[in-house]
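Residue-level listing of the chains:
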Amino acid sequence: MPPKGNACWERSYDAAHLASHPRQKVTRIRLLHSPRNWQPGEGGSLYVMLYINLRERVNAGQNFDYQLSGFCRAAGQSLRCVPEWEAGSWRIERGPNGALDIRNAGITANPNPYDAEEIADDAVSIPAKPDDGLWRLSPASGRCEIE
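Residues numbered from 1 in each chain as written. Predicted model: local features only at pLDDT ≥ 70, side-chain atom pairs only at ≥ 80, totals over all residues. Heavy atoms only, no water.

## Some thoughts on the pairing of strand β1 (residues 7-12)
- Where β1 meets strand β2 (residues 26-33), six bridges bridge the pair, whose relative direction is antiparallel. Bridge pairing links R11 to I29 in β2.
- With two bridges joining them, β1 and strand β9 (residues 134-139) adopt antiparallel strand pairing. When the sheet's bridge partners are listed, E10 is paired in β9 with S138. (Pairing = 2+ DSSP bridges. Helix = DSSP H or I, 4+ residues; strand = E, 2+ residues; numbered from the N terminus.)

Okay, here's the thing in C-alpha cells:
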C-alpha cells in the first residue's frame with residue numbers, strides 16, 4: 001500500500017454472516033484507490049473512496065447507495081483516513097492473504113453520487129458498535145473504477 005495503479009478491495013456479506021451479526025448495517029463495501037484520477041494530497045497523503053450498501057437498499061438501480069472519500073496517512077503499521085469534512089474516520093490495515101481490514105471509527109456516508117464536500121441531508125451514520133467496527137475486504141475480481 002499504496003499500489004501504483006488503480007486497485008480495489010471489496011466484500012459482500014452473505015446471509016449467514018449477516019444472520020450472525022444482526023446489527024451490522026453494511027452488507028457490501030468497496031475501497032478504491034485510483035492514483036490515475038487522484039493525485040497525492042498534502043504531505044503525500046493518498047486519496048481513497050469507500051462505496052457502501054446497507055441492509056436496506058435505497059437505489060437498487062446503482063451498484064452502491066453511499067460513498068465516502070478521504071485522505072489517508074501513515075499511522076504506525078496502518079493508514080488513518082479522514083474526509084475533508086467532519087464525517088468520522090477509519091483505518092486501513094493489512095489483513096491476511098492480501099486482504100485489507102478497514103477499522104471503522106464511526107463514519108457518515110453520503111448518497112452516491114454526491115459531489116459536495118459536506119454532509120448531505122440524507123447521509124447515513126455508520127457507528128463502529130455494535131457490529132460495524134471491522135470490515136475485511138479481499139482484492140476485487142471485477143471492474144475497479146469510480147462509480
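## What to know about the nonpolar core
- Ranked by size, the top nonpolar core spans 29 residues in total, and within it L31, I52, W90, I92 and W135 carry the most contacts.
- If you tally residues by element for this core, the top one is strand β3 (residues 46-54), at five residues.
- Core analysis: the second largest hydrophobic core is formed by six residues, L32, Y47, Y51 and F64 among them. (Core = buried A, V, L, I, M, F, W, Y, C linked by side-chain atoms within 4.5 Å. Buried < 20%, exposed > 50% of the residue type's maximum accessible area, 1.4 Å probe, protein only.)

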